[in-house]
Amino acid sequence: MFKDLQNPFEILGMEATFDVDQTALDAAYFARQSLAHPDRFIHHSEPERQAATAQASSLNSAYETLKNPTLRAKALLTLKGIEIQGEEGKSVQDPQVLEEMMDLQEAVFEAHSPQDVSRIENQIQDRYLQVILSFGQALQKNLNRELPGLFLRLTYLSKLKEDLKVRQTQASLKML
Amino acid sequence: MLLQITEPISTLVQEKLSQAVAIGIDLGTTNSVVAYSQNQKPFVLQDAQGVSLLPSVVAYLDGTAPIVGEKAIDLIEEMPDCVVTSSKRLMGRSGSEVAEIAGNFVHIMTDQDSQDKVVRLIIGGQVKTPIEVAADILRELKNQAEVALKQPIEKVVITVPAYFDEAARQATKEAAALAGLQIMRLINEPTAAALAYGLDHGIEGIYAVYDFGGGTFDFSLLRMTKGVFQVLATGGDVALGGDDIDRLILEYLRHMSSGIELPTKSYKQALKITREIKEYLSHQERGMWALPGGNECPLDRQTLEQLAAPLVEKTIDICRQVLISADLKPKDIHGVILVGGGTRMPLIQERVSEFFEQNPLTNLNPDEVVALGAALQAEALTHGSETLLLDVTPLSLGIETMGGLVEKIIPRNTPIPVSVSQEFTTYQDGQTAMKIHILQGERELVEHCRSLGEFNLTGIPPMTANAARIAVTFQVDVDGLLTVSATEKTTNISQEVTLKPSYGLTEEDYVRILRENVVHGQKDIKNRLLIEAKVKAQQLLHQLDKAIKVDGDLLTAIEHNNLLQAMEALEERLTDGDQDAIVKRQKLLESISAPFATRRVERLVGEAVTISSPPEK
């Protein structure tokens, strides 16, 4: 996950926690990017301009990772050395999670009327916020055995949210 | 620039460095504008007649230099075959794609070799690529700026539509090089407009930029906070603009004056009329127009709006999609900036106000605001600035995987610069080569995305399927340009590809263009290249000298020694005048000094951050 074994929290000088304050994250990112951005190195030598581009790129990746709860959770699991299920050929071993998520997926699939879509959207959003809360707590209490399952839920739920966004775009276009 | 080879090198360097004048250019579909900024006060550089907008129209006549602008428009009626308009729409396009975009490019060469991707036009009996046409427009703007500022200009910030793809950006870069301009940065048009607004009015919050130009539509969402301009999301259509409304008006006029078919020859004359109609009906309710061939036709604003409505709705759809992708609602937007001459249409202003539930900002001239922003950025890059522009990739980048599917490596709206690696593996036992096909676009199937190029990674050691580890790295720089490299990890076989050849100029094009623009003899060109190499080498030596004085402690004794040796080696070559040897040693010195450069940058960034941030808990 970490390109060149870099830790996104370290890159942005943030504490490695799940609860990241967006304003603090923006401030840390802007402060560093203001110094590392290639625009600041236009009169420097070619090797230094390239080094600045590399530095700015890793700041951007770190920012994108910490901004997104799922990617942030994944980064924390990697830091803790916890194996992530369902990735790189590792099988998913939690039938309960799978079943729950397949039910939701089906509900999304079957939702046609705007009311249905909006209901399922709220349901997914509620569940998502719950899982985020649980993940943060489990992390704080070092309940390492619960983390992979929660992370899996988080991944599925954010995928469902993305799917709904696509449908929302399509629906808004049809409305015309 | 005329430099004597006998001049001492150090004066050359000083001269190069002191030329700290850079301009901003908005290279538009219909009009182009050049601007300059001093003390963060940008202004348009007008031509000798006091005109700000240079029509992006070029005429090619036998035995004369290209004619650009209003004078070229005047030739449209007399010799339509010698004049090219709206060629920006062809940037980075192949002949077959162009046939789908437009009907008003009557000059397209039809017998193009399929290998030969860049579109070629026959104008006034000459073969021209859109890149050369753009170069001729840029050259005209460069001259205009040099006359206005009374000094030679080499450096420029050029704006491109945010939704321009890789090929079109590369084409713009090539055009600048042909015009003798060095691009400091390519920036996106809506971002430039936001810069002009933001710095002028000190606005903060989330702003939308609605940019309806002659040939392209862009919509960008930006967050502006204390000098940071952060693009959140962008969307658009590179084949949707005022030109399309012109075409619809024309079709209507044809329909109304039925029986009399407007000949292809007067197509462009007719387009000239449609532009007048649009302008007139922005202020008046109705009018009557004389058509080529002696016909007259009435048209009122309501009919015009009915014609344009579907296109305007298309732009609103794009706004809606970009808002959804940024998780924002119209009410989250603090202000809507209108850019592009097309936004003068009352219909567009009404629809935008309605959709965003607020009146758009129009304090700055929509035709000039992009160039003003480019000039501000040019000044910032030459003299330094507190402002920071953080832009994003407009389109997803990916590679072809099994079954004709596209695997996205860099999703759209990712902040740039960015570097992402992804591992792929072989799917057959003993497979020694792998084709890497690079694509740009949002769709899942290869055939629905734009192909940017292919390359073969060869020499993979034969292994069982799934054993090889091939890391493909996509790097997008601050200009939005892509470099792809691939490395087989177990053996470290690596290959880098620049995507330039796909839709750009070929070797033969360069030779032809050079021959056409011969100003210097063969020997002069050689001398010029030699001097340029020497200046570059001298610059690097100078920069390294300074760096070692300041941060020499970052080097081990051995590294220090190696660096000094490589510097001496380059310096020695400066006296005996062989360009190849200089370039070779320059490259060597660059690679030797790379680790030092990285440490310097890390220190610079690290130190300043430690000083500026409060002590941690």
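Higher on the page you've got the structure.
What comes next is a walk through the structure. (Residues numbered from 1 in each chain as written. Chains lettered and ligands numbered in written order. Predicted model: local features only at pLDDT ≥ 70, side-chain atom pairs only at ≥ 80, totals over all residues. Heavy atoms only, no water.)

## Concerning the packing of helix H5 (residues 95-110) of chain A against helix H6 (residues 114-140) of chain A
Two packed helices can be described by the angle between their axes and the distance between those axes.
Residues and elements named next belong to chain A.
Inference 1: It is at 10 Å that the axes of H5 and H6 come closest, and there the two elements cross at 155 degrees. Classed by the angle they form, the pair H5 and H6 counts as roughly antiparallel. The handedness of the crossing between H5 and H6 comes out as left-handed. Across the interface between the two elements, Glu 100, Leu 104, Ala 107 and Val 108 of H5 pack against Ile 120, Gln 123, Ile 124 and Arg 127 of H6.
Inference 2: The residue makeup of the contact of H5 with H6, split by class, is 5 nonpolar, 1 polar and 2 charged. (Axes fitted to C-alpha atoms, helices over the stretch in contact; angles between N-to-C directions. Helix = DSSP H or I, 4+ residues; strand = E, 2+ residues; numbered from the N terminus. Parallel < 35°, antiparallel > 145°, perpendicular 65-115°, else oblique. Left-handed = near helix turned anticlockwise from the far one by under 90°. Contact = heavy atoms within 4.5 Å. Nonpolar A, V, L, I, M, F, W, Y, C, P; charged D, E, K, R; others polar.)

## Considerations on the packing of aromatic side chains
Inference 1: In total, this model carries 8 aromatic pairs over all chains according to the counting rule given.
Inference 2: Note on Phe 355 of chain B and Phe 356 of chain B: the rings are 4.9 Å apart at their centroids and 90 degrees apart in plane angle, and the pair reads as edge-to-face. Across this residue pair, the class does not change: Phe 355 of chain B and Phe 356 of chain B are buried.
Inference 3: In this structure an aromatic cluster arises from ring pairing among Tyr 29, Phe 30 and Tyr 63 of chain A.
Inference 4: Lying across the ring of Phe 18 of chain A, Arg 72 of chain A places its NZ or CZ 5.1 Å from the centre. (Phe/Tyr/Trp six-rings, centres within 6.5 Å; stacked < 30°, edge-to-face > 60°. Buried < 20%, exposed > 50% of the residue type's maximum accessible area, 1.4 Å probe, protein only. Lys NZ or Arg CZ within 6 Å of the ring centre and 35° of its normal.)

## A look at the interface of chain B and chain A
Inference 1: Contact residues are listed per partner, giving 44 residues for chain B and 38 residues for chain A.
Inference 2: Counting each side, the surface lost to burial between chain B and chain A is near 3,600 Å², with a carbon and sulfur contribution of 61%.
Inference 3: Where chain B meets chain A, there are 4 salt bridges.
Inference 4: In this structure, the salt-bridge partner of Asp 327 of chain B is Lys 165 of chain A, at a minimum N-O distance of 3.5 Å.
Inference 5: Applying the counting criterion to the chain B and chain A interface returns 14 residue pairs in polar contact (both at pLDDT 80 or more).
Inference 6: With 12 residues, the single largest contributor to the side of chain B that touches chain A is helix H15 (residues 579-612) of chain B.
Inference 7: Its residues assigned to classes, the side of chain B that touches chain A shows 21 nonpolar, 12 polar and 11 charged. (Buried area = accessible area lost by both parts, 1.4 Å probe. Salt bridge = Lys/Arg side-chain N within 4 Å of Asp/Glu carboxyl O. Polar contact = N/O pair within 3.5 Å; in protein donor to acceptor, adjacent residues only side chain to side chain.)

## Focus on a negative patch on the surface
All names here are of chain A.
Inference 1: Negative charge collects at one region of the surface, where Glu 99, Asp 103, Glu 106 and Glu 110 lie side by side.
Inference 2: Inspection of the secondary structure puts Glu 99 in helix H5.
Inference 3: Given a relative accessible area of 54%, Glu 99 falls into the exposed group. (Patch = residues over 30% accessible without salt bridge, like charges linked within 9 Å, V, L, I, M, F, W, Y side chains within 5 Å. Areas by Shrake-Rupley, 256 points an atom, 1.4 Å probe, with all protein chains shown as cover. Lys, Arg positive; Asp, Glu negative; His and termini not counted. Charge placed at Lys NZ, Arg CZ, Asp CG, Glu CD.)

## Focus: the sheet that holds strand E5 (residues 58-59) of chain B
Two strands in a sheet stick together by hydrogen bonds in their backbones, pointing the same way (parallel) or opposite ways (antiparallel).
Residues and elements named next belong to chain B.
Inference 1: On the basis of which strands lie adjacent, the open sheet formed by 3 strands has the order E6-E5-E7 and antiparallel pairing. Strands with a single pairing partner mark the edges of an open sheet, and in this sheet they are strand E6 (67-68) and strand E7 (83-84).
Inference 2: With 2 bridges connecting them, E5 and E7 associate as antiparallel partners. Counterpart to Ala 59 in the pairing with E7 is Val 83. (Pairing = 2+ DSSP bridges.)

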